[in-house]
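Read off the chains here:
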Amino acid sequence: MFKKILIKFCFTIDWVVRQAGLLASFIMPVLAFVVAYEVFSRYVLGSPTIWAFDLSLFMFGYLAALGGAYAQQQRAHINVDILYLKVSHKTRCIFNLISFSLAIFFLVVIVMMSWGKYEEAIEFDYRRQSEWAPPMFHFWIMMMVASGLFIAQLARDMLAELYFLLTSTALIEEAQ
């Protein structure tokens, strides 16, 4: 019964992170279009936009931050394999637990800092210092959401690693 609850928890986080990664992937073609439009507008029409640089900057930030949890889910982050691949699976689990814990600590700090920046952005109407001057509050919301997704994915991965350490069996076969 307890294992079923853990598996359901893991599958739920997997689904949410996968959906967020899918949504973030839709930003890429829009970003490419904005950059291409700016190049066309600047060099062909001789009339650069005031918004394309800021918009592409925000979209790239969204894409990179929101893709972090999905990259963790797909095990696409860089790993130092020199020692990692030479140790037993249980030792790798311990390495993972340590690195996931450090990452969660760092991400919690990012959430706290982003919350403070969000409050400042709302209170003082912070805007990008550019001709277009878009508001900044949405960026801090995205940072909190992206960090929260990453924390959830890392917590799910930690749960799977702990389960393996305690039972010597995989919680979910795909996690191994």
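Residues numbered from 1 in each chain as written. Predicted model: local features only at pLDDT ≥ 70, side-chain atom pairs only at ≥ 80, totals over all residues. Heavy atoms only, no water.

### Section: the pattern of salt bridges
Working step 1: For the coordinates displayed, the defined rule picks out six salt bridges.
Working step 2: Between Asp54 and Arg128 there is a salt bridge whose closest N-O contact spans 2.7 Å. Of this pair, Asp54 sits in helix α3 (residues 52-73) while Arg128 sits in the loop between α5 (89-124) and α6 (137-167); the two residues are 74 residues apart in sequence, bridging distant segments of the chain.
Working step 3: Overlapping salt bridges bring together Asp14, Arg75, Arg156 and Asp157 as one network. (Salt bridge = Lys/Arg side-chain N within 4 Å of Asp/Glu carboxyl O. Helix = DSSP H or I, 4+ residues; strand = E, 2+ residues; numbered from the N terminus.)

### Some details on the packing of aromatic side chains
Working step 1: Within the structure shown, the criterion is met by six aromatic pairs.
Working step 2: With 5.5 Å between their ring centres and 35° between their planes, Trp115 and Tyr118 make a pair best called tilted. Taken together, the residues Trp115 and Tyr118, both in helix α5 and three residues apart, mark about one turn of the helix.
Working step 3: Residues Phe139 and Trp140 carry aromatic rings whose centres are separated by 5.3 Å and whose planes lie at 85° to one another, so their mutual orientation is edge-to-face.
Working step 4: With relative accessibility at 18%, the residue Phe139 sits in the buried group. (Phe/Tyr/Trp six-rings, centres within 6.5 Å; stacked < 30°, edge-to-face > 60°. Buried < 20%, exposed > 50% of the residue type's maximum accessible area, 1.4 Å probe, protein only.)

### Notes on the packing of α5 against α6
Working step 1: Closest axis-to-axis distance for the α5/α6 pair is 8 Å, and the angle between their directions is 160°. Here α5 is positioned roughly antiparallel relative to α6, judged by the angle of their axes. When the axes of α5 and α6 are compared, the crossing they make is left-handed.
Working step 2: Split into classes, the residues belonging to the contact of α5 with α6 amount to 27 nonpolar, six polar and four charged. (Axes fitted to C-alpha atoms, helices over the stretch in contact; angles between N-to-C directions. Parallel < 35°, antiparallel > 145°, perpendicular 65-115°, else oblique. Left-handed = near helix turned anticlockwise from the far one by under 90°. Nonpolar A, V, L, I, M, F, W, Y, C, P; charged D, E, K, R; others polar.)

### Quick look at the layout of surface pockets
Working step 1: Taken as a whole, the largest pocket encloses approximately 830 Å³ of empty space.
Working step 2: Together, 32 residues line the largest pocket, and Gln72, Arg75, Tyr84, Asn96 and Phe100 are the ones closest to its centre.
Working step 3: At the level of secondary structure, the elements contributing two or more residues to the lining of the largest pocket comprise α1 (2-25), α3, α4 (81-84), α5 and α6.
Working step 4: Take the lining of the largest pocket: its biggest share by element is seven residues, from α5. (1 Å grid on protein atoms, 1.4 Å probe; cavity = no way out; pocket = protein on both sides within 12 Å on 5 of 7 lines; lining within 4 Å. Points joined across faces, edges and corners; volume = space filled by probe spheres on them.)

### Observations concerning the state of the cysteines
Cysteine pairs can be covalently joined through their sulfur atoms, and such a bond is termed a disulfide.
Working step 1: In total, this model carries zero disulfides according to the counting rule given.
Working step 2: Looking at the unpaired Cys10, the closest cysteine sulfur is the one in Cys93, lying at 13 Å. (Disulfide = S-S within 2.5 Å.)

### Quick word on the packing of α1 against α6
Working step 1: Where α1 contacts α6, the axes come no closer than 10 Å and their chain directions differ by 145°. Considering the relative orientation of α1 and α6, their crossing is left-handed. Here Lys3, Leu6, Phe9, Cys10, Ile13, Asp14, Val16, Val17 and Ala20 of α1 come into contact with α6, specifically with Leu149, Ala152, Gln153, Arg156, Leu159 and Tyr163.
Working step 2: In terms of residue class, the contact of α1 with α6 is built from 11 nonpolar, one polar and three charged. (Contact = heavy atoms within 4.5 Å.)

### Here we look at the side chain of Asp14
Working step 1: With respect to the helices, strands and loops of the structure, Asp14 is situated in helix α1.
Working step 2: You can call Asp14 buried: its relative accessible area is 8%.
Working step 3: Not counting chain neighbours up to four residues away, the residues in contact with Asp14 comprise Gln73, Gln153 and Arg156.

### Re α3
Working step 1: Under the 1.5 Å per step criterion, the end-to-end length of α3 is 32 Å for 22 residues, consistent within 8% with the ideal 32 Å.
Working step 2: Among the residues trailing α3, Arg75 stands out with phi positive, at a value near 55°. (Expected span 1.5 Å × (residues − 1).)

These figures come from the coordinates and say nothing about function on their own.
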